[in-house]
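Results of the structural survey
Here is how the chains run, residue by residue.
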Amino acid sequence: MKIRVWVLISVGILSVGVYFGVTRLGAMRARDRAQRAIRIQDWRTVRNELQSYLNVFPSDDSARLSLAEAYFKDARLNPESAVSAAIQQLEYVRRESAFFSAARVQEARMCLFAWLQPHRAESLLREALAVDPENADAHFVLWKLHDLTGRSHLAQPHFQKVLETTPDEQRSFRLREWYMSQFYPATANPEIDQLMGFIEPGAIQNTVLELRRLEAFRDREPKAALNHAIVARWYSLEGDPKAALQLLQKALDVADTPLQEPFFVATLTQVLFDLGEFDNALRHYRAWPGDLTGYEYSRLGAILADEVERDYERAIRGYREVIRVWPGQADWRIQFRLARCLAKAGDEGAAETMRQQAKQVELLMEEEIHSPLRRMLANPDQLDICERMMQFYDDLGLAYERQHWQDQVHRVQRERGHSDRSRSK
């Protein structure tokens, strides 16, 4: 009897082992079929096979990311439900996973480009960078997100991280993108605007298109204070501070904790200053949320110290700090403010030097300077445009960009010399 029981147990164990072995083998084959389907972009097959595989190996986060991509890229699916299904897969990837950062970046792309939710996307990208500060994909999407939300002047750290990981032979193209971000941010990303449905291929971009984009972001995330601020900032920059203030006042009632969003407070402070409400502007500035650093904080602090508090020494220190960083080096208006402040402080010699520098920068911002540069940048890998861009940034005093364009000059010269030697043989 005992022998019979042990035989039955052994057979049972063997059967279970065979079952699980067959199941695992079938799952592995499903994964292989999915990988072949990815190569030919057969997304339906990818989904079916990876679902089978993940039923057996649910902790394989790499496969989870591939499944999310298959949902997102399958044009036959309803776009809204496809993105929802993709994000659901990505949410399985936890913080302790080696794929956490990649999953958050992938989710951020979908939230930004498909759902038009920049605030949610930015939060996801910050999560990714908190785990992996060198994640070039996260920095790239953050760079583009800043462009798309009227904050390109704050994107430089992310651009620099992207450039560090860009192969040398592709850097001139990446530098061209950065030039457009610096000087034509509203129209710097036509392919992305097409992806999001704001323009048709070949259509002309303009500031009205930018407003449509910003309003769409606000309407998709009405509780996000940042999205209200970027629309108000557009009106402020277009010379309509009254309309900007009305939008900000409305946001105070509908957005979540708007006075805890630094960009909102910066925009509100600037608009109040432009409308002559100096006491209110100063009050909001003094209640600045978060870190008391950064371009927006320093710039407004210098202006208020100069124009409202008449503390010229503090204003001069602030102005000098601002014009040492981007975009202060190209902001001839803030440089003229510094010149006037130096004059008011009684330092006419320094004021005249600053006026001359500001005038030189103002001339470098003329369309007759930039129009030929934009045309030539259609082919940024040519020696003549690399040299022109190197000279432009040298005139502007931007050492970082100048150095990288100079590196491209040397690379193109080396390649040309190699090509010439090859032809001579």
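Residues numbered from 1 in each chain as written. Predicted model: local features only at pLDDT ≥ 70, side-chain atom pairs only at ≥ 80, totals over all residues. Heavy atoms only, no water.

**Regarding the nonpolar core**
Leu112, Leu125, Met196, Phe217 and Tyr319 are the most contacted members of the largest nonpolar core, which totals 93 residues. At eight residues, the largest contribution of residues to this core is made by helix H14 (residues 262-274). Ignoring sequence-local partners within four residues, the contact set of Tyr319 consists of Ala302, Ile303, Asp306, Ile334, Arg337, Leu338 and Cys341. (Core = buried A, V, L, I, M, F, W, Y, C linked by side-chain atoms within 4.5 Å. Buried < 20%, exposed > 50% of the residue type's maximum accessible area, 1.4 Å probe, protein only. Helix = DSSP H or I, 4+ residues; strand = E, 2+ residues; numbered from the N terminus. Contact = heavy atoms within 4.5 Å.)

**Let's talk about the pattern of salt bridges**
Taken as a whole and assessed by the stated rule, the structure comprises 27 salt bridges. Salt-bridge contacts for Arg151 lead to Glu122; the nearest nitrogen and oxygen are separated by 2.7 Å. Here Glu122 lies in helix H6 (residues 118-131) and Arg151 lies in the loop between helix H7 (136-148) and helix H8 (156-164), a separation of 29 residues in the sequence. Between Arg286 and Glu309 there is a salt bridge, with its nearest N and O atoms 2.9 Å apart. Remark: Glu309 occurs in the loop between helix H16 (295-307) and helix H17 (312-322) and Arg286 occurs in helix H15 (residues 278-286); sequence separation between them is 23 residues. (Salt bridge = Lys/Arg side-chain N within 4 Å of Asp/Glu carboxyl O.)

**What to know about the packing of H7 against H8**
Running from N to C, H7 and H8 point in directions that differ by 140 degrees, and their axes come no closer than 8 Å. Our classification of the angle between H7 and H8 gives oblique. Both H7 and H8 take part in a crossing whose hand is left-handed. Residues Ala136, His139, Phe140, Leu142, Trp143 and His146 of H7 form the contact with H8, whose own contacting residues are His158, Phe159, Lys161 and Val162. Classifying every residue of the contact of H7 with H8 gives six nonpolar, three polar and one charged. (Axes fitted to C-alpha atoms, helices over the stretch in contact; angles between N-to-C directions. Parallel < 35°, antiparallel > 145°, perpendicular 65-115°, else oblique. Left-handed = near helix turned anticlockwise from the far one by under 90°. Nonpolar A, V, L, I, M, F, W, Y, C, P; charged D, E, K, R; others polar.)

**Observations concerning the side chain of Ser152**
Position of Ser152 among the secondary structure elements: in the loop between H7 and H8. Judged by its relative accessible area of 9%, Ser152 falls in the buried class.

**Notes on helix H4 (residues 79-90)**
An ideal rise of 1.5 Å per residue puts 16 Å on 12 residues; H4 measures up with 17 Å between its terminal C-alpha atoms. Here the buried face of H4 lies against helix H2 (43-56), helix H3 (61-73), helix H5 (100-114) and H6. One side-chain oxygen of the residue at the start of H4 lies 3.1 Å from the amide nitrogen of Glu80, identifying that residue as Asn78. (Expected span 1.5 Å × (residues − 1). Polar contact = N/O pair within 3.5 Å; in protein donor to acceptor, adjacent residues only side chain to side chain.)

**Quick notes on the environment of Leu252**
The topology assignment puts Leu252 in helix H13 (residues 241-254). Among the residues examined, Leu252 registers a relative accessible area of 39% and is labelled partly exposed. Along the chain, Leu252 and Ala225 lie 27 residues apart, while their C-alpha atoms are 8.3 Å from each other. The residues touching Leu252, leaving out its near neighbours within four places in the chain, are Pro258, Leu259 and Phe264.

Function cannot be inferred from these measures alone, as they are strictly geometric.
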